[in-house]
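Inside the fold
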Amino acid sequence: MKITEPLWQTKFVIGWIDMRNNRRSNPYLGLPRYQFWKNEIGATEPSQFDPVVQPAFKLQKNTKIVTAGSCFAQHLARRLSEAGFNHLVTENAHPLVSKDVATRHNYGVFSARYGNIYNSLQFLQLVERAIGQVKTPTGFAWKSNAENCYLDPFRPQIQPGGYVSIQEMEADREAHLSATLEAISNAELFVFTLGLTEAWVHRQTGFVLPLAPGVVGGKYEESEFEFKNFTLEETVDSLRGAIRLIRSVNPEVEFLVTVSPVPLNATYENRHVFVSTTISKSVLRLAAEYVCNSEDRCSYFPSYEIITSPFSRGAYYMSDCRQVADIGVDHVMRVFFDNYTTENPSLAVNASDDRVLVDRVQQSHAIEMQKAINILCDEESISDGRK
Amino acid sequence: MKRQKKALLIGMSHVVAVQKSLAKQPFDWIDIIDLNARENLFNNNTNKIYWSKIDKSYYSNVFLSLRGQYHNVMGLVENPVPFSTGECEKGLVPAVSSAESRILIPSQVLQDHIDNEISDLQLALIDQAVEYFGQHGTAIVNSPPPILSEKHILEHPGIFRAKLRNGITPSSLRARIYELYTNVIENRAKKLGIGMIYAPEDSRDADGGLKLEMRSQDPTHANENYGALVADQIRNWVDRHA
């Protein structure tokens, strides 16, 4: 066979192979294309970059998908819903509440109203609290800085305007943990996005909080809170712990782990925020790798690589170089759907019959009441003899 | 001779109580417009008041009692999916017992929902009124407090007789819904830079509802005794802001 180009540029690398001894002339020969940088079509056509090699599963239209994680995970959750997949939401607003108001108060952003979960230990502790292994101390609340209301330190920005009393907050928290347990127990696929290694820990309880005290509520006291930058080992342990604890109530659940490509907003370490970002994301990426390699039915989805790869030339970040642009999320979801689904993502899953019925009952009740009030008010005018 | 300017109270059914209270004697300091009785001024279907038909030059002060029943629309009859909400001192209303299964709607969510629901109706009319009459001398007259007595409602169900088979919303919850509704109206008044007249304290019983002697013979309206108190409030407001 005449070779007209260098060996490493041929479509199929054919080297000299000793057929008798089954030895290659070098160990790279015969490896798949995707293991070679030069073969990556994304270098010239960025939108074609697809780093998923062996998808571990295929989703059905009705696969119950639970989402949790950092702010980037909100994109995944929203796009799954919009594409008609069964993003399982167990903590819905009362059917009386309009959709706009419910969304503003973070219902439906994730499967339950936990807000952003940035850190693997925060995740493990949420699961522990939901299952009932760990109790939240009574009265564990923050006073808002801006308004006369109370905040839940575990999810301080979950409800604009906060809670009117600690008792209301605790009642809502109880309902929320029940909904979280329901999500955990019924998930068929659990997608978790790791976000940060830096966190603030309540010294007395060991609880990891998503926001530093004093930012939106509570008061920072060094005696009460400590800064922690979780190590690789700690991140692996807590992520693995969360997965195993979820499996204790839901043995069949599949996990998909991702790492958020959103850089740190701020670092408490005395170094440049971008340096901290690199270290943090490296730890998270390694932790994801170790856990996914050691836990069954747990795989990694390379959304981090899609967004941060040099192939995109930075186009997947907005002008602040931090928030992910829609074009980047589009690419991530395209790769996700191409690899993990066999169904057309545009085919919508119908809202459950129960939900449709409940909404209709609410609408009917509201219309009837308004009509009755209108008649009553007209009668009031008639009673005065003026109509 | 320069005509003395009057006050104007404009609204729907809640102004009737004030009209009745003043009807026993001549009054020349206020005009009262019940829009439900003035089809030439108000189109309920389009939520439009024909403001230009009201000569604003007659009036030194304008008092708005526009719509104002949403807290009863939402709260009088038990919702098909019963709910509870938070309250500052009581924690939750109605208090969740082991016998009840209610879905909690945090009070801020409920207040935002109320705001959303009345935005295109009551709040839009208030905005229109302020745009026409201006901020100066304009105030909202809040709706009367709800009638919290179940006995009264059952004895005077009116048009709600059939609906009441679903049950009356517990009084503590209805009181709270009225508070949240009042917050929404108050916020709007502050945003527009206009005044607000709250329900007279003397009209309220220990639970914050309308006293027996203030109630009309239906589940939601106040009577002329209440109207007299509101008329006094309006008169005092005019005198203070003259």
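Before reading further, recall that the structure is shown in the block above.
Residues numbered from 1 in each chain as written. Chains lettered and ligands numbered in written order. Predicted model: local features only at pLDDT ≥ 70, side-chain atom pairs only at ≥ 80, totals over all residues. Heavy atoms only, no water.

In this fold, histidine 202 of chain A is placed in strand E7 (residues 198–202). Given a relative accessible area of 6%, histidine 202 of chain A falls into the buried group. (Helix = DSSP H or I, 4+ residues; strand = E, 2+ residues; numbered from the N terminus. Buried < 20%, exposed > 50% of the residue type's maximum accessible area, 1.4 Å probe, protein only.)

One finds Phe63 and Ile234 of chain B to be the most contacted residues of the largest nonpolar core, which totals 83 residues. The element contributing the most residues to this core is helix H3 (residues 107–133) of chain B, with eleven residues. Excluding its chain neighbours within four sequence positions, the residues that come into contact with phenylalanine 63 of chain B are Ala7, Leu8, Leu9, Ile10, Ala139, Val141, Ile197, Ile234, Trp237 and Val238 of chain B. Counting 39 residues, the second-largest nonpolar core is a separate cluster that includes Leu88, Tyr114, Val127 and Val253 of chain A. (Core = buried A, V, L, I, M, F, W, Y, C linked by side-chain atoms within 4.5 Å. Contact = heavy atoms within 4.5 Å.)

This paragraph deals with the environment of cysteine 71 of chain A. Residues and elements named next belong to chain A. Note on placement: cysteine 71 falls in helix H1 (residues 71–82). Through-space distance from the C-alpha of cysteine 71 to that of valine 97 is 25 Å; in sequence the pair is 26 residues apart. Ignoring sequence-local partners within four residues, the contact set of cysteine 71 consists of Asn116, Tyr118 and Val262.

What the three strands build is an open sheet, ordered E7-E6-E8 (chain B); its pairing is mixed. Looking at the sheet topology across the chains shown, the edges are occupied by strand E7 (91–93) and strand E8 (103–104) of chain B. Sheet analysis places strand E6 (residues 83–87) of chain B next to E8 of chain B, joined by two bridges and oriented parallel. Directly across from serine 84 of chain B, in E8 of chain B, lies its bridge partner leucine 104 of chain B. Against the sheet, helix H4 (residues 166–186) of chain A makes contact with E6, E7 and E8 of chain B, and its axis sits at roughly 75 degrees relative to E7 of chain B, the strand it touches most. (Pairing = 2+ DSSP bridges. Axes fitted to C-alpha atoms, helices over the stretch in contact; angles between N-to-C directions.)

On to the packing of helix H5 (residues 232–249) of chain A against helix H6 (residues 273–294) of chain A, then. Working note: a packed helix pair is described by the angle between its axes plus the distance between those axes. Residues and elements named next belong to chain A. Put simply, H5 and H6 touch, their axes get as near as 9 Å, and they point 45 degrees apart. In terms of orientation, H5 lies oblique with respect to H6. H6 is crossed by H5, and the crossing has right-handed handedness. Facing H5, whose interface residues are Leu232, Thr235, Val236, Leu239, Arg240 and Ile243, H6 presents Val283, Leu284, Leu286, Ala287, Tyr290, Val291 and Ser294. Within the contact of H5 with H6, the residues separate by chemical class into ten nonpolar, two polar and one charged. (Parallel < 35°, antiparallel > 145°, perpendicular 65-115°, else oblique. Left-handed = near helix turned anticlockwise from the far one by under 90°. Nonpolar A, V, L, I, M, F, W, Y, C, P; charged D, E, K, R; others polar.)

Right, let's get into the interface of chain B and chain A. The partner chain A presents 41 residues to the 49 residues of chain B that form the contact. Summed over both sides, the interface between chain B and chain A buries roughly 3700 Å², with carbon and sulfur atoms accounting for 63% of that surface. Note that lysine 163 of chain B and glutamate 368 of chain A form a salt bridge whose closest N and O atoms lie 3.0 Å from each other. Our count for the chain B to chain A interface comes out at nine residue pairs in polar contact (both at pLDDT 80 or more). Those elements giving two or more residues to the side of chain B that touches chain A turn out to be helix H1 (16–22), helix H2 (70–75), E6, E7, E8 and H3 of chain B. The element best represented in the side of chain B that touches chain A is H3 of chain B, accounting for eight residues. In terms of residue class, the side of chain B that touches chain A is built from 22 nonpolar, 17 polar and ten charged. (Buried area = accessible area lost by both parts, 1.4 Å probe. Salt bridge = Lys/Arg side-chain N within 4 Å of Asp/Glu carboxyl O. Polar contact = N/O pair within 3.5 Å; in protein donor to acceptor, adjacent residues only side chain to side chain.)

What follows deals with helix H8 (residues 326–340) of chain A. Over its 15 residues, H8 of chain A extends 20 Å from the first C-alpha to the last, a length consistent with the 21 Å expected when each residue adds 1.5 Å. For H8 of chain A, the secondary structure elements touched by its buried residues are H1, strand E10 (254–259), strand E11 (298–300) and helix H7 (303–308) of chain A. (Expected span 1.5 Å × (residues − 1).)

Take it as geometry only, folks, not as evidence of what the structure does.
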